[in-house]
Amino acid sequence: MFFRNLTFFRFPTTLAKTLDDLDARLEECKLKPVGPSELMSRGFVSPFGRDGATMSHRVGDAVWITLGGEDRLLPSAVINDQLGRKLAEIEEKEGRRLGGRARKRLKEDIVLELLPRAFVRPVRCSATLDLEHGFIAVDTSSRKTAENLVSELRHALGSFPALPLNAEASVRAILTGWLAGEALPPGLALGDECELKDPVDGGAVVRCSRHELQVDEIRQHLEAGKQVTRLALVLDDHVGFVLGEDLVLRKLKFLDGAVDQLEGTETEGVAAELDARFALMSGELKRLFAVLEPALKFSRADA
C-alpha cells in the first residue's frame, strides 16, 4: 500500500479537533454501485479493502482514507460507430440529414442505451492526513484526481478548508541551486534524475534518467542558463522521489533503509501488515515534509 506519488494540500492544524467522528461522516458518503444510466460513481471505502470494518485508519497524528469509484467504460469509438449507423439509417429512410441539435440528442440517446451494457472499472485513490503538520497527501500525480478526493472529503465533512500546497520561494530557483552545488537540507542527497528547461518559451528541454548528476555535462547546461524543473532526491537512504516545481512528488519509493524496519515486525493477517506499512509510511512522510517545508518555504493554511 506504499504511495507512489504525492500531491499535497494544506489545512489548518486546528481542524484535527473536528475529526473525532470522521468514520461516521465517511460512512454517510460511502461508495454506492454505479447506476445503469450513470457514467461513474464516487464514495469512500475502507482503506483495508472490501472486507474492512472501518472507513479510516489512524496511527498517531496520521489518518489514512481511501476514495473509491466505479467507472463505466464506454469508448468514444463505439459511440461514434453507433451514431454513424443511426444517421445512415435515418438518411436512407427519411431522405434527410439531421441538424446539429438533433445529432446531439441522438448521441445522448445512444449513450443511455449503451451504458447498462458497458464494463465497470473499479478505481481507488488513497490519502493520508497529517494532523500535526496540517497537510493531506494524495497518492496521485494528477491535480484533478487529488482535487476530486479533497472535494469529496469536503462534502463528507461539511467543511474542509484545504488549499493546494504553495511555496513562498521560487521552487525552480531552489532546485537549480541544489543541482548547481548549493547545500541541500540535512538528510537530503541528489538522486539520479533531473529535468532542465531553457527559461525562454519553447526553449530546449533536457531530461536525464539513471544518470550521475554532478558531472560536467550537467554543469554546462546550467551554465547555459537552463533551470531545473524536476530533481530526484533521497532522504537518509529511506525515501527516494522526484520533486517537481509544481511541488508534486513523483516516483516515490521506500528504500531498504526504511523497508528493512518491517522485517523485525511480527504481523498476523493482511490487516496487521497494512497497519505496519502505513505506520512506516506515515512516519517517513512526516519526516520528509518536515525537511522540505523550511527549505521550500511552504505557505501555511492558517497563516
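Notes on the structure follow.

1. Re the packing of aromatic side chains
The geometry of two aromatic rings is summed up by the distance between their centres and the angle between their planes. Going through the model one piece at a time under the given rule, you end up with eight aromatic pairs. Note on Phe-11 and Phe-160: the rings are 5.4 Å apart at their centroids and 45 degrees apart in plane angle, and the pair reads as tilted. In this pair, Phe-11 is assigned in the loop between strand E1 (7–10) and helix H1 (22–28) and Phe-160 in the loop between helix H4 (143–157) and strand E7 (163–164), connecting sequence segments 149 residues apart. We note that Phe-11, like Phe-160, is buried. Each ring, one from Phe-289 and one from Phe-298, has its centre 5.3 Å from the other, and the planes form 45 degrees; the classification is tilted.

2. A closer look at the environment of Ala-224
Looking at where Ala-224 falls in the secondary structure, it is placed in the loop between helix H6 (216–223) and strand E10 (227–235). Along the primary structure Ala-224 and Asp-198 are separated by 26 residues, whereas in three dimensions their C-alpha atoms are 8.6 Å apart.

3. Remarks on helix H3 (residues 100–114)
For H3, with 15 residues, the first-to-last C-alpha span of 21 Å sits near the 21 Å given by 1.5 Å per residue. Where H3 is concerned, the buried positions are Leu-106, Ile-110, Val-111 and Leu-114. Along the axis of H3, the buried residues cluster in a sector spanning 145 degrees; they form a single face. Facing away from the buried side of H3, by more than 90 degrees, are the exposed residues Arg-101, Lys-104 and Arg-105.

4. Thoughts on unusual backbone geometry
Comment: phi is negative for the bulk of residues other than glycine, and the bulk of peptide bonds are trans. In this structure, Arg-210 is a non-glycine residue whose phi angle is positive, near 50 degrees. With respect to the helices, strands and loops of the structure, Arg-210 is situated in the loop between strand E9 (205–209) and H6. A positive phi angle, close to 60 degrees, is found at Asp-237, a residue other than glycine. Position of Asp-237 among the secondary structure elements: in the loop between E10 and strand E11 (239–244).

5. Focus on the nonpolar core
Soluble globular proteins tend to bury their nonpolar side chains together. Trp-178, Leu-179, Leu-231, Phe-241 and Leu-296 are the most contacted members of the largest nonpolar core, which totals 50 residues. The element contributing the most residues to this core is helix H8 (residues 270–296), with twelve residues. Those residues in contact with Leu-231 that sit more than four places away from it in its chain are Leu-175, Trp-178, Leu-179, Leu-190, Glu-193, Cys-194, Leu-213, Phe-241, Val-242 and Leu-243. In terms of nonpolar packing, the next biggest core, distinct from the first, is built from 26 residues, Ile-65, Cys-125, Ile-136 and Val-138 among them.

Criteria and thresholds
Residues numbered from 1 in each chain as written. Predicted model: local features only at pLDDT ≥ 70, side-chain atom pairs only at ≥ 80, totals over all residues. Heavy atoms only, no water. Phe/Tyr/Trp six-rings, centres within 6.5 Å; stacked < 30°, edge-to-face > 60°. Helix = DSSP H or I, 4+ residues; strand = E, 2+ residues; numbered from the N terminus. Buried < 20%, exposed > 50% of the residue type's maximum accessible area, 1.4 Å probe, protein only. Expected span 1.5 Å × (residues − 1). Arc of directions from axis to C-beta. Core = buried A, V, L, I, M, F, W, Y, C linked by side-chain atoms within 4.5 Å. Contact = heavy atoms within 4.5 Å.

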